[in-house]
Amino acid sequence: GGSDEPAGKDAKNITLTISANSIVGGKNSAGAEWIEKWVIPKFVEAQKAKGVTAKVTFVPSGVDDEQYKTKLALDLRSKGGADVIAVDGIWVGEFVQAGYLKPLSDIAGNQVDSWEGWSQIPETVQGLGSFEDKRYGVPLGTDGRVLYYNKKLFARAGLPADWQPKSWQEILDAGAKLKALPGVTPIQINAGTAMGEATSMQGALPLLVGAGGEIYKDGKWAGATQPVKDMLDFYTKIYGGGLGDPKLQQEAKGRDKSFAEFAAGKIGILGEGDYFWRSVVNPKDGIAKMADRDTTVGYAMIPAKQPGAGIRGQDFVSMSGGGVRVLNPNSKFPAQAWELLAFMSSAEAVKAELAGAARITARTDVNKEVLAADPMLNFVAEKVLPLTAYRPPLAVYPQVSVALQEATAAATAGKSADEAAAAYQKKVEGFVGGPGNVTS
Amino acid sequence: MVLILVFLVVPAAWTIYLGVTNYRLTGLAAAHPEVVGLDNYTRALGDERFRTSLLLTLQFVLGSAVIGQAGLGFAIAFALRDRRGPLRRVVEGFVLLSWILPSSVVAFLWIALLDRDAGTLNALLGIPGTAWLLDHPMLSIIVFNTWRGTAFSMMLYAAALENVPRSHLETARLAGASTWQQLRDVVFPRIRGHVLTNLLLISLWTFNDFAPFLITAGGPEQRSEILPVYVYKVALSGGELGFGAAISFVMLLINLVIALIYLRMLGRRKESA
Amino acid sequence: MLAQVGRYTFLCLVLGFFALPLLWLATAPFDDTPTVTASLPRFTLDNFRALLDNPYALSSLLNSVYLAAGTALLVVTFAALAAYALSRVRVPGRDALLYGLLLLSSIVTGTATMVPLFELAFRLNLIDSRLGVILILSGGLLPAAIFILKDFMDSTPTSYEESARVFGASPLQIMRHIVVPLVRPGLATVGVWAVANVWGNFLVPFLLLRGPDKAPAAVIMYTLYTEGGQADLRLLSTFSLLYSLPVALMFVFVSSRYGFRFHGGIKR
Amino acid sequence: MSAITMRELTKVYPGGVRALDALDLEIADGEFFALLGPSGCGKTTLLRTIAGLEVASGGNVRIGERDVTNLPPGKRDVAMVFQDYALFPHMTVRDNIAYPLRIKKVDRRSRGSKAADTADELGLSGLLERRPGQLSGGQQQRVALARAMACHPQVFLLDEPLSNLDARLRLEARTFLKRLQRELGVTTVFVTHDQAEALALADRIAVMEGGRIRQVGTPTEVFRRPANTFVAGFIGSTPMNLIDARVRGDELAVAGARLPLPDGAREQVTDGERLVYGIRPEYLDYSPTAVPGALTGEVVVVENLGSVSLVSLDVPSDDTGASDDAPAGDDTGAGRTSVQVVVPEGGEPEPGDTGWAVPRPGRSLLYRDGNLVTAAAGVPAPRADATVRS
Amino acid sequence: MSAITMRELTKVYPGGVRALDALDLEIADGEFFALLGPSGCGKTTLLRTIAGLEVASGGNVRIGERDVTNLPPGKRDVAMVFQDYALFPHMTVRDNIAYPLRIKKVDRRSRGSKAADTADELGLSGLLERRPGQLSGGQQQRVALARAMACHPQVFLLDEPLSNLDARLRLEARTFLKRLQRELGVTTVFVTHDQAEALALADRIAVMEGGRIRQVGTPTEVFRRPANTFVAGFIGSTPMNLIDARVRGDELAVAGARLPLPDGAREQVTDGERLVYGIRPEYLDYSPTAVPGALTGEVVVVENLGSVSLVSLDVPSDDTGASDDAPAGDDTGAGRTSVQVVVPEGGEPEPGDTGWAVPRPGRSLLYRDGNLVTAAAGVPAPRADATVRS
Ligand SMILES: Nc1ncnc2c1ncn2[C@@H]1O[C@H](COP(=O)(O)OP(=O)(O)OP(=O)(O)O)[C@@H](O)[C@H]1O
Ligand SMILES: Nc1ncnc2c1ncn2[C@@H]1O[C@H](COP(=O)(O)OP(=O)(O)OP(=O)(O)O)[C@@H](O)[C@H]1O
Ligand SMILES: [Mg+2]
Ligand SMILES: [Mg+2]
């Protein structure tokens, strides 16, 4: 339980700091610009109206997420760091366990629970910023995973333009047809360790939930369970059956290359998140621009192994992630920090952040407004998000994830699903403290 | 000296202490690290991944430091030993340039060079599609590290060769010795101290070299996961700092063993001198 | 004469081997659509213009210069003093000490030490201070620098110093007037080496410095990736070139000015 | 054992230094031949070109019947001893001596025994298992000789083999070397910049300057009748006195004194001609009292040379005022010249005394434009190949 | 300008080498004093201990009135010239010469002009802006001297200042050095292992061996009456002949010949006693025909020394068979001894001739157990402090 009256609540001079893994002119430039050019001036102005002189600074950075996380952990550990911090939702749990974060209401008092925003954020999405049923952060937005396909290639292969596979077998069948086209890699499902978390998020985990398995359930991690084996078996079918390019999975820059190849019309089916649509093949500013994105790129939900075989008995599945903003428990002005955080998550702010671009935000009110113009994102918001699942926000998850990636690598390289699964289970047992914490 | 004590010895000792805990950066173990004694060490030694990694590291050191850098460095120094003028300056300039450029830039250069489809090397050789980094990851990083570090050996051997009296080489030539015989009988015995110092330093540096991560990220499938990369993955990606620290300490011990082997050889030279 | 031909062939191969990877750095920044292949560019300077728009690119180079210069200065000064002391004073266990430090330095430059280093800096109140970065980097570089310099010192004849001593010069004067000028190529070598090391170091400045205003180029280089971790080759190649230029220029300057070699050589 | 013949031998170093300048020289079979000259005159270069360590830029070298100009060093059948001996520090004395045999693929047993034999001859038998670092300078020198001897070359080349020894040892080694060469009878070329060494050891001496040979002859010829003022100044433990002089009828006006013209010189000089008068300090007799036909001046320095002393007299220069073509190095100031005289034990003056120096008959020489004019009886004229090219 | 006094001076190096062994020595004010001895005898150590570069392990050193034993080198007011000159390679000649003044905080202007003055005196004016690397050996040596002179020290210490010069230059530098020291009048200690240098330059000489002084005296004393066989063998351009002898009544049986006992020796020896007979080659007269009271043997080597030759005679050893206490180094084999004779020009024999060597009167010396027995007239006996400690 926290105090109702956080320290410095009535201070007239406050200084606050925001940190996020984005930087003007580099990584996530727009987000950084938004904070610097919109959030800070507006917030300072609003405070001034209340008679408070606020000094808000933004500490940008632009590095790998792992490195950003390390730095945050070190900062928080030494009771330093910014007041409002953007983190990946998946880190919340481990940070909480390490004692780096406290529930929002413990920090900023009752005003947290009475915030209007909560009602706009769907329960599932709020889960991103929660751990063990307590709210630690406000989600920024989320995403969903789909199968993209190249309509031109589909046409050449005699496949329909509005494709929606209902089972894994149908994906393989489509792949078999695409295989006939020269110079085309039919299917790209991320695999192996080189792609890192992209393998888990776009490949292993969606397939796992599609086979009805969850990586972490009821305090236990999934070992060599049947769904894991099914998932791995699907990999062997793709890469063993010549439907994918196993080499590409091993390259350090393999994911970039898969983007470039898709954009160049050399990949038929690609599993990715909506990020791919927004930032990769975006005809305006994507890193692998496709001028004819809207006509050429098709998208379909990821099917379960068979209809109804997914988790919760679903026919279709997805995985999601997303960022949250948390408060630093060591903030000197916790109440005002919350004000800032709430301000940044207000509908007005979120709209300003999007600056006309479409993206799935955490707020339904905003989504309704901005996604209307983009059928793809709308599709994700409407059809995919209700089906989606999240990763367990625990400290060992990254290691389990790596083990999973390694298992897919083994499957891709030709090991049988059973072998790969057995090796995987052994590794997981090592991380999570013995076989007792693993289901098999 | 105080500087060294504070910024070298203290963190090193701290690291060694971390090596006997289950410390992690986040999660429960971050809040309450426990001393687990030698568990980390037994775990490391029992871990197949650690053992392969160690084996790869030894390959890496042997291939890129001992054979690559020292061998090529010596060959260049020897070929240039009595050259002056532009040729020497140009060759030395390029070799040294590859030594001082920042590793992130250098990593890019090599990825560009060795790329499977569009790489400069494949374009030059006319064999597009050869996936150097995937099919020969160790070879790639060995060649890379040779490229990167030869300068030091070259400079050192150039200096060492200046210490080989010309008259000694010429005595051998007068006796009719071939180049190889001159090297064996005159040059090597003479620069043995340099060779060993050189090997010591570059082995140490290579052993702890992290740059290959930027090229292959340890892949594919850990086939180029040398120990520093392993530690990086364990400590940073996996967050297991305690375990990472333990492996670092094991690395220090292995370094020590390598150093002792070299020093033994050096000692033998001294006895016989 | 056959040997001559062989030698030239060998040298040309060496030249090719060392120059080839650098080709990309010479072409890509000037290409409007750089790929990973080094090819004749469709010439453009747009990439440079784009880079100039980045608010941190140029200042980060300056930050790198601060850090590198500071560290190099510190390393060279302390290494010179320590190497001189170690070279002239006979202490038992001197070599063991040196080797011990050298080994420890190999740990400290590794990833696993980041927590101790961070906490140390935190306790000494050196977070977000350039001095902290400089001190920590110096600590890691010093042993090898001492090791290299000691051999330089060993190879300078003592008669110079003795001669100065007879004239009544104090140890500090001897150091300043005689030893430093004599081992200048060694100092230059160690300086360049230290600069090159700092220039490429990412982790320490990243962890210890807050905010990009103080961040050196090694950190800023990472910001040129997208949200999804993809490289913007246009900016990246251009920045790589700018990022490499200072060290290359410094090297050219130092090598022409002081000579860049181990004269006398490192031995034991 | 072979003669060595060089024709028009030229060596230009890459930097453009012309270290040998179309040099002609013949060294007879079995001769002990010394190359003498100041530092940088090309002695080492000549030796190295004979050895094949430097490639001649022009001309040729023959050893015995073979033209070796383009042979590699290993095929010339020569052995060389370097100034620093170039003993391999990591090999024992035995291995050092046996090294050339090892290269020649002589089997281990017989090269061991040959090395032992050679070491025996040079009195090194007890040292076979030592390393060069454990030997004295003189012993090292003998090991270097033994190594050179081991493969019985046709020619020995020695580059200042004695200059690293200390003064006492050098004398011993000198005698030893001379005896050894006599016994072996191998053609030996010997480089030195110490004239005493060359005089003491050589059968014949070539004096070099600037890549050319200034005189070739036996030690006696070179000592008594230097062909030019360069050689005159170079040879002798004390340099020859060289003083401006002018012919005055049958006499010579030298530094204020009238001296008789050397024998047979009258026909070769004209009256009133300006020349340089040369006489060695050893050939001047000192007198504390006035003597006719003597140079006179104040004693300024007396140096003890052991059983004799070297006395420097400060004599007035000749009043002909020919200071512009005076040989350099011997004037102490305007109008005064230093004349050195060797004075035997017991007769040494004190600085400040006035002394007289009387030339011994038949020992005076005359130089015109630096070249010898007079031909005295009893000693053959300098050889043709020693005349200076302009 | 001060005298230097050493009492019981001892230096033991960390390794245990006793480089100076309770050494007593006095060097007078203004004296040009030479330390002479074979390599490793402790000359450099003695010099460095005077300079303060080595800390004495025992005893003390006084310069003038001051006990400097524990003063640092900079406070002793001495200047030292090292064998390698130790010119700072990175400074110009001017800066090198001015360096001591810079240390003494003389301001820039006046030290520049002082350096120029000193350089002028030594004929270095044109070279002030060069660096040491661009100078010849002789010039470097003069710069080193100029640097030492620049701060007008009380004592000059020179460690083999000439040994890096080539033979010709060494002679010039020798004369130059002597003249310079005479003009400055500074107490100068000069280390050399070349006896000729010591004889030619020094007012007095100390001959050292194994950290001790074997004799101190003027060049003449040391040359004519070496106090022991060590000094006898060391001094002189050719070593003294030292031959086993036995007293036979009023005569001496030496190598098969009967020679008169040296003057005044009769009282100091007993009949039948075994001694060593010493005579310098310069004091033997060669005769091609038989003479009484002469050593005789076959001529084996003739070395040309310029105006004289050194002839080695192979004489039979004395039949007393005292081979076990024969001085080392002079036997050529069992029962034969080599005797060396200096023969003037014109009288040289050929190897193989038989020759006779006649000692000049008053020049023979007798040694018992290595120490001089006879005291000849005209020369004072060796000084007390030069006797050997056992
Ligand atoms: N490798 C070389 N490259 C260029 N010039 C050289 C080389 N070796 C010698 N010289 C020059 O050639 C000339 C003759 O040199 P050489 O070594 O033959 O002289 P030297 O008579 O042996 O002298 P010293 O008595 O000093 O040994 C000198 O002017 C020298 O500077
Ligand atoms: N720093 C040192 N440590 C140990 N022993 C030394 C040291 N310096 C000299 N010695 C030893 O002391 C003795 C005297 O040495 P010193 O240098 O005084 O001889 P030296 O007469 O100058 O000989 P040289 O003519 O070779 O110069 C030698 O045996 C030498 O090996
Ligand atoms: Mg030479
Ligand atoms: Mg000495």
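Note: the structure precedes this text.
Because the structure is predicted, anything quoted here is derived from the model rather than measured.

Visitor: Explanation requested: the interface of chain C and chain B in the structure shown.
Guide: Often, the extent of an interface is quoted as the loss of accessible area upon association of its parts. Each partner contributes residues to the interface: chain C has 80 residues there, and chain B has 88 residues. Taking both sides of the interface into account, the surface hidden between chain C and chain B amounts to around 7,200 Å²; carbon and sulfur atoms contribute 81%. Counting across the interface, chain C meets chain B through three residue pairs in polar contact (both at pLDDT 80 or more). Tallying contributions element by element places helix α7 (residues 130-154) of chain C first for the side of chain C that touches chain B, with 11 residues. Its residues assigned to classes, the side of chain C that touches chain B shows 59 nonpolar, 15 polar and six charged.

Visitor: What exactly am I supposed to notice about the nonpolar core here?
Guide: Considering soluble globular proteins, one finds that nonpolar side chains tend to be buried as a cluster. Judged by nonpolar contacts, the single largest core of 322 residues is most densely connected at I269(A), M6(E), L25(E), L35(E) and L46(E). Broken down by element, the residue count for this core peaks at 15 residues, all from α7(C). Those residues in contact with I269(A) that lie beyond four places of it in its chain are L147(A), Y148(A), Y149(A), F154(A), W163(A), I171(A), A174(A), L178(A), P186(A), I187(A) and Q188(A).

Visitor: Help me out: how do you make sense of the interface of chain C and chain A in this one?
Guide: Between chain C and chain A, the residue contacts involve 27 residues of the former and 27 residues of the latter. Summed over both sides, the interface of chain C with chain A buries roughly 2,300 Å², with 60% coming from carbon and sulfur. Applying the counting rule to chain C against chain A returns zero salt bridges. One can count two residue pairs in polar contact (both at pLDDT 80 or more) joining chain C with chain A. Breaking the side of chain C that touches chain A down by element, the ones donating at least two residues are α6 (114-123), α11 (203-208) and α12 (217-223) of chain C. Sorting elements by how many residues they give to the side of chain C that touches chain A places α6(C) first, with five residues. Among the residues making up the side of chain C that touches chain A, the classes are represented as 18 nonpolar, six polar and three charged.

Visitor: Would you take a moment to explain unusual backbone geometry for this structure?
Guide: Leaving glycine aside, a negative phi is the common case for residues, and trans is the common case for peptide bonds. For D369(D), which is not a glycine, the phi torsion comes out positive at approximately 50°. On the basis of relative accessible area, D369(D) is assigned to the exposed category, the value being 77%.

Visitor: Can you help me understand the pattern of salt bridges in this one?
Guide: Between side chains of opposite charge, a pair can form as their charged atoms come close. Evaluated as defined, the whole model comprises 58 salt bridges over all chains. The shortest N-O distance in the salt bridge between E225(B) and R49(B) comes to 2.9 Å. In this pair, E225(B) sits in the loop between α12 (212-216) and α13 (227-237) while R49(B) sits in helix α4 (residues 48-79), placing the two residues 176 residues apart along the sequence. Between R166(B) and E170(B) there is a salt bridge whose closest N-O contact spans 3.9 Å. Of this pair, R166(B) and E170(B) both sit in helix α10 (residues 166-174), four residues apart, which is roughly one turn of the helix. A relative accessible area of 53% means that R166(B) is categorised as exposed. Put simply, E406(A), K427(A), R49(B), E225(B) and K233(B) are held in one network by salt bridges that share partners.

Visitor: Mind showing me how you'd approach the arrangement of the chains here?
Guide: Among six pairs of chains with at least one contact, chains B and C form the most extensive contact set. Separated throughout, chain A and chain D approach each other most closely at a C-alpha pair spaced 50 Å apart. Regarding chain A and chain E, the two do not touch, and the least distance separating their C-alpha atoms is 48 Å.

What counts and how
Residues numbered from 1 in each chain as written. Chains lettered and ligands numbered in written order. Predicted model: local features only at pLDDT ≥ 70, side-chain atom pairs only at ≥ 80, totals over all residues. Heavy atoms only, no water. Contact = heavy atoms within 4.5 Å. Buried area = accessible area lost by both parts, 1.4 Å probe. Polar contact = N/O pair within 3.5 Å; in protein donor to acceptor, adjacent residues only side chain to side chain. Helix = DSSP H or I, 4+ residues; strand = E, 2+ residues; numbered from the N terminus. Nonpolar A, V, L, I, M, F, W, Y, C, P; charged D, E, K, R; others polar. Core = buried A, V, L, I, M, F, W, Y, C linked by side-chain atoms within 4.5 Å. Buried < 20%, exposed > 50% of the residue type's maximum accessible area, 1.4 Å probe, protein only. Salt bridge = Lys/Arg side-chain N within 4 Å of Asp/Glu carboxyl O.

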